[in-house]
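# Overview (structure and organization)
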Amino acid sequence: MDRFYITTPIFYVNDVPHLGHAYCTVNADAIARWHRLIGDSTLFLTGTDEHGAKVAEAAEANGVTPREWTDRTSARFAEAWRGLAISNDDFIRTTDERHYATVQQFLQKIYDNGFIAKDTYRGLYCVSCEDYYTADQLDGDKCPVHGRPVTEMEEDNYFFRLSAFEDRLIEWFEKNPDAIRPASKRNEALSFIKGGLKDVSITRTSLSWGVPVPWDEGHVFYVWYDALINYLTAIGYGEDAEKVAAWWPNVHHLIGKEIIRFHCVWWPAMCMAAGIEPPANIFVHGWLLVGGQKLSKSMAADGDAPVKLTDITPASLTEEYGVDAVRYHLLRDTPLGTDGEFSIEGLIARYNSDLANNLGNLVARVATVVGSKCDGVGPAPSPTSPLADSASTALAAAADAWERFAPHEALEATWRLIGAANAELEATEPWKAEPGTVDDVLGSALEVLRIVSLLISPAMPATADEIWSRIGLAGSPSDHPLPAAAAWGGYPGGLSVTKGDPLFPRRKATA
RNA sequence: GGCGGCGUAGCUCAGUUGGUCAGAGCACACGGCUCAUAAUCGUGUUGUCGCGGGUUCGAGUCCCGCCGCCGCUACCA
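With respect to the helices and strands, G238 occurs in the loop between α8 (230-233) and α9 (241-247). It is 30 Å that separates the C-alpha atoms of G238 and E155, two residues lying 83 residues apart in sequence.

As structure tokens, this is what we get:
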């Protein structure tokens, strides 16, 4: 049995979960579900990043301890993911005991290996960003992000000798051309490395809300530095060498393009410094862009302001359109690796054409005709149906696409099968035929629905279960491993088929 | 400034190493069907492939220049 380890970034708790977080997490979830479906032993990890000055400040402003504050804010993410049917196997928090233990061991190892040393850092610091700026980055004398004045700071910090890894990183990139995808993002990281690397300050003394540096009291690790290590905490680094060996380094980090440097430069170097292999796969996704148009006011913080992606909560969409429809849109409309447009109009267009007209209507019309021509008992499929080829083609294309982290292609392939089934019904017109002569075509249509349930289950688990159940099957498609389960002829016949309400009622063009 | 990317039908986008590459889906039009969520099936229209040069028998596909947009340029989840 193969193993499959996939991660999202851990999200910073001061953010409210928004559509950008959801985009990444839903994609990771669908890919994880696909791997479970093909029988891989799968570990899907997400979580929250909870250290740093901003969190400490927010806690104080709310009159609670940082820990109480992050208990509350971390829960918002867990809740958002429940609302999107996210099937993470673990939810890591950087405030977990286990994480402190792993971070300290991992960094102690780097320290012992001689890649961490003390030095003095001087710079212009923005408290809001928790970050230093160079003079030319400033907007006058203010932080370009927050517009707040920066302060001159000087700290005795520990520095990670990133510069020592320039050659090794370049070699790693060249020996592993597919480690970072897409290639455009790999090149971006590589050119950054080739431009020369400077050592990075990885500890702070100005705050205490962080993981303590084990060899020097009074220092805590810089939030980014402890955050990356979560990927090792979850597989028991420092605790369970066997478990680490089982899952590492063949991990798949799914990340957004804004954090390329941390994941594609720092993180591999940190792993090298600690004496372990760098992560085998890093897949960089793009951003969802929100155009000039306004979204529904219920989704915007300020009804008249231009809506930003970060203003859109996943719940505002799932309440209106349903969990699976939102998941489908996120997976189908923006290929991983490129930026995409997000709009309610696009969501509705996709909903109506793919979900209501093609899939939902196919389920409805098949159920109706089985009801009228077969007394509601589904016949077995024909072994010679032309749809058998369509089904195997769809399965092969979907499998290939999921392997390449291309959910949109996997779904596109599945919809070609749905289209073929609709066309086959038109060609054979079972509603005109005498009962008794329609078993082959209706059985084959039901078989398509069974296979479609399997193929859509990573993307739309609830819909898959519902179709599965309506055609009379017990359990859930996710209990039936591919590819065997998707072989033509699996629908047994003799099962009771129920019509039910429309799976996806059509939507008006305006929300 | 430096490095990199993008600009293809109304919309969203495909287009490997240059030669049916001018495409898909949506939208739209017409026709069929009426089992189905006015859904479905079939057929079809739309483009100076950002602009201007060049290489070539032949260029969205290579080269040069220009215009427009964007990303990265160090510690911004």
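All right, on to the domain arrangement of chain A then. Structurally, chain A comprises domain 1 (3-321) and domain 2 (351-496). Between domain 1 and domain 2, the contact holds 16 residues from the first and 17 residues from the second. Roughly 1,400 Å² is buried in total at the junction of domain 1 and domain 2, and carbon and sulfur atoms are behind 74% of that figure. The interface formed by domain 1 and domain 2 contains 0 salt bridges. Our count for the domain 1 to domain 2 interface comes out at 1 residue pair in polar contact (both at pLDDT 80 or more). Breaking the side of domain 1 that touches domain 2 down by element, the ones donating at least two residues are β1 (3-12) and α1 (19-37). Across the side of domain 1 that touches domain 2, the residue classes tally to 10 nonpolar, 3 polar and 3 charged.

On to the nonpolar core, then. If you look at the biggest cluster of nonpolar residues, it comprises 94 residues, and the most contacted ones within it are L19, L359, W415, L455, M460 and L482. When residues of this core are assigned to their parent elements, the largest contribution, 13 residues, is made by helix α13 (residues 344-373). Of the domains in this structure, domain 1 (3-321) and domain 2 (351-496) are the two that each give at least three residues to this core. Counting residues in hydrophobic clusters, the runner-up holds 74 residues, among them Y5, V200, W266 and I282.

Next up on the list: the packing of aromatic side chains. Counted according to the given criterion, the structure contains 23 aromatic pairs. Note on F11 and W81: the rings are 5.9 Å apart at their centroids and 65° apart in plane angle, and the pair reads as edge-to-face. With F11 in strand β1 and W81 in helix α3 (residues 66-83), this residue pair connects regions lying 70 residues apart in the sequence. This pair shows no difference in class: F11 is buried, exactly as W81 is. Grouped by ring-pair contacts, the aromatic residues F115, F160, F165, W224, Y225, F262 and W266 constitute a single cluster. Directly above the ring of W247 sits R3, whose terminal nitrogen or CZ lies 4.8 Å from the centroid. The positively charged end of K257 is found above the aromatic ring belonging to W287, 4.7 Å away from the centroid.

Between helix α2 (residues 53-61) and α3, whose axes approach to 8 Å, the crossing angle comes to 95°. The orientation of α2 with respect to α3, classified from their angle, is roughly perpendicular. Packed against α2, whose contacting residues are V55, A58 and A59, the element α3 presents P66, W69 and T70 at the interface. Class assignment of the residues belonging to the contact of α2 with α3 gives a composition of 5 nonpolar, 1 polar and no charged.

Within the fold, T437 resides in the loop between α15 (407-428) and α16 (439-456). Each C-alpha atom, one on T437 and one on C374, is 9.9 Å from the other, the two residues being 63 residues apart in sequence. Within the structure, the side chain of T437 is placed 2.7 Å from the backbone oxygen of E434, a separation counted as a polar contact.

Cut-offs used in this document
Residues numbered from 1 in each chain as written. Chains lettered and ligands numbered in written order. Predicted model: local features only at pLDDT ≥ 70, side-chain atom pairs only at ≥ 80, totals over all residues. Heavy atoms only, no water. Helix = DSSP H or I, 4+ residues; strand = E, 2+ residues; numbered from the N terminus. Domains from an automatic or database assignment. Contact = heavy atoms within 4.5 Å. Buried area = accessible area lost by both parts, 1.4 Å probe. Salt bridge = Lys/Arg side-chain N within 4 Å of Asp/Glu carboxyl O. Polar contact = N/O pair within 3.5 Å; in protein donor to acceptor, adjacent residues only side chain to side chain. Nonpolar A, V, L, I, M, F, W, Y, C, P; charged D, E, K, R; others polar. Core = buried A, V, L, I, M, F, W, Y, C linked by side-chain atoms within 4.5 Å. Buried < 20%, exposed > 50% of the residue type's maximum accessible area, 1.4 Å probe, protein only. Phe/Tyr/Trp six-rings, centres within 6.5 Å; stacked < 30°, edge-to-face > 60°. Lys NZ or Arg CZ within 6 Å of the ring centre and 35° of its normal. Axes fitted to C-alpha atoms, helices over the stretch in contact; angles between N-to-C directions. Parallel < 35°, antiparallel > 145°, perpendicular 65-115°, else oblique.

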